[in-house]
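# Structure at a glance
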Amino acid sequence: MAKDWDPGSYARFRELRLRPALDLLMQAGSPGPGDIIDLGCGDGAAAASLRARYPKRRLLGVDASAAMLAKARGYDALIEADIAGWAPESPPGLISSNAALHWLPDHALLLPRLAGLLAPGGTLAVQMPRQFAAPSHQLIRDLAAELFPERFDFDGWEAPVAEPAVYQRLLAPLGEVNLWETEYLQRLAPVPEGHPVQAFTASTALRPVAERLDTGELTRFTKAYDAALEAAYPREADGGVLFPFRRLFFVLRRAA
């Protein structure tokens, strides 16, 4: 993605996006010696919770988005960096990453590299969406390929987050692993225009498609996407919808 994130659009569903970060943090336990890293910190939604959980540790936020970092508060330091290649100055006690690593490829190399950055006894705590086969995400790919076949070809496409067992096998040689999956039944309130699920995905899953379309094309795409979402996620009596959303979690603790 070439364009920067839109903090305002992303923050519209702040509470729904924060809950998985809190669920992850509840399982992270006591970190090893060293700093606490919020990797892919975005606008700092998890900063207050990390600070409350580890009040005596230095808290660092790392993200590639200048726009998101400009909104982030509550850290001892903010680092603008590509998280795929980021490395700390000293081994951290905890690297926590909420809804960020699914944007990066080659987890078979990435995750062992991150685990290797930890201090002895340190923890890598990660949450990633695993929603890619759901209508909310599948429809984006299907409609992009249907409406703009010269620009979008998903033949051979693979989900950026694999099945849980893949991560269990990958991480087990690196330390003690606690891995689980949760499907949240999110209630999305009515929105002034369009379908509530489109409002949710606009700042995240829809971005790689939307930034390759001009204004007219995006309007055409959004109209088709909204119509398809109406069938996939029917309205409740108040105009809102129920939106199941699956997320993968793991906590990896290195040996002391």
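### A short note on the sheet that holds strand E5 (residues 123-129)
The seven strands lie next to each other as E3-E2-E1-E4-E5-E7-E6, forming an open sheet whose pairing is mixed. The open sheet has two free edges, formed respectively by strand E3 (77-80) and strand E6 (176-188), since each of these has just one partner strand. Direction aside, the axes of adjacent strands within the sheet are offset by 20° on average. Each of strand E1 (36-39), strand E4 (94-98), E5 and strand E7 (241-253) touches helix H5 (residues 107-117); the most contacted strand, E5, lies at about 150° to it. Of the strands in this sheet, E5, E6 and E7 touch helix H7 (residues 164-171), which is tilted by about 150° from E6.

### Some details on the packing of aromatic side chains
Throughout the structure, instances matching the rule amount to eight aromatic pairs. Both rings, one in Phe200 and one in Phe243, keep their centres 5.4 Å apart while their planes meet at 75°; by these two values the pair is edge-to-face. Here Phe200 is found in helix H8 (residues 196-201), whereas its partner Phe243 is found in strand E7, with 43 residues between them in sequence. Comparing Phe200 with Phe243 shows no difference in burial state: the two are buried. Relative to Phe243, the ring of Tyr233 has its centre 5.3 Å away and its plane inclined at 90°; by these criteria the two rings are edge-to-face. With Tyr233 in the loop between helix H10 (215-232) and E7 and Phe243 in strand E7, the pair connects residues that are 10 residues apart, well separated along the chain. Since its relative accessible area comes to 0%, Phe243 is described here as buried. Connected via pairs of aromatic rings, a cluster forms that spans Phe200, Tyr233, Phe243 and Phe245. The ring of Phe200 has Arg17 sitting right over it, with the charged end atom 4.3 Å from the ring centre.

### Brief notes about empty space enclosed by the protein
With the rule as written, the count across this model stands at one cavity of 30 Å³ or more. There is about 70 Å³ of room inside the largest cavity. Taken together, Ala21, Leu22, Leu24, Leu25, Asp38, Ala46, Ser49, Leu50, Ser96 and Asn98 form the lining of the largest cavity. At the level of secondary structure, the elements contributing two or more residues to the lining of the largest cavity comprise helix H2 (14-28), helix H3 (47-53) and E4. For the lining of the largest cavity, the element with the most residues is H2, which contributes four residues. Its residues placed into classes, the lining of the largest cavity shows six nonpolar, three polar and one charged.

What counts and what doesn't
- Residues numbered from 1 in each chain as written.
- Predicted model: local features only at pLDDT ≥ 70, side-chain atom pairs only at ≥ 80, totals over all residues.
- Heavy atoms only, no water.
- Pairing = 2+ DSSP bridges.
- Helix = DSSP H or I, 4+ residues; strand = E, 2+ residues; numbered from the N terminus.
- Axes fitted to C-alpha atoms, helices over the stretch in contact; angles between N-to-C directions.
- Contact = heavy atoms within 4.5 Å.
- Phe/Tyr/Trp six-rings, centres within 6.5 Å; stacked < 30°, edge-to-face > 60°.
- Buried < 20%, exposed > 50% of the residue type's maximum accessible area, 1.4 Å probe, protein only.
- Lys NZ or Arg CZ within 6 Å of the ring centre and 35° of its normal.
- 1 Å grid on protein atoms, 1.4 Å probe; cavity = no way out; pocket = protein on both sides within 12 Å on 5 of 7 lines; lining within 4 Å.
- Points joined across faces, edges and corners; volume = space filled by probe spheres on them.
- Nonpolar A, V, L, I, M, F, W, Y, C, P; charged D, E, K, R; others polar.

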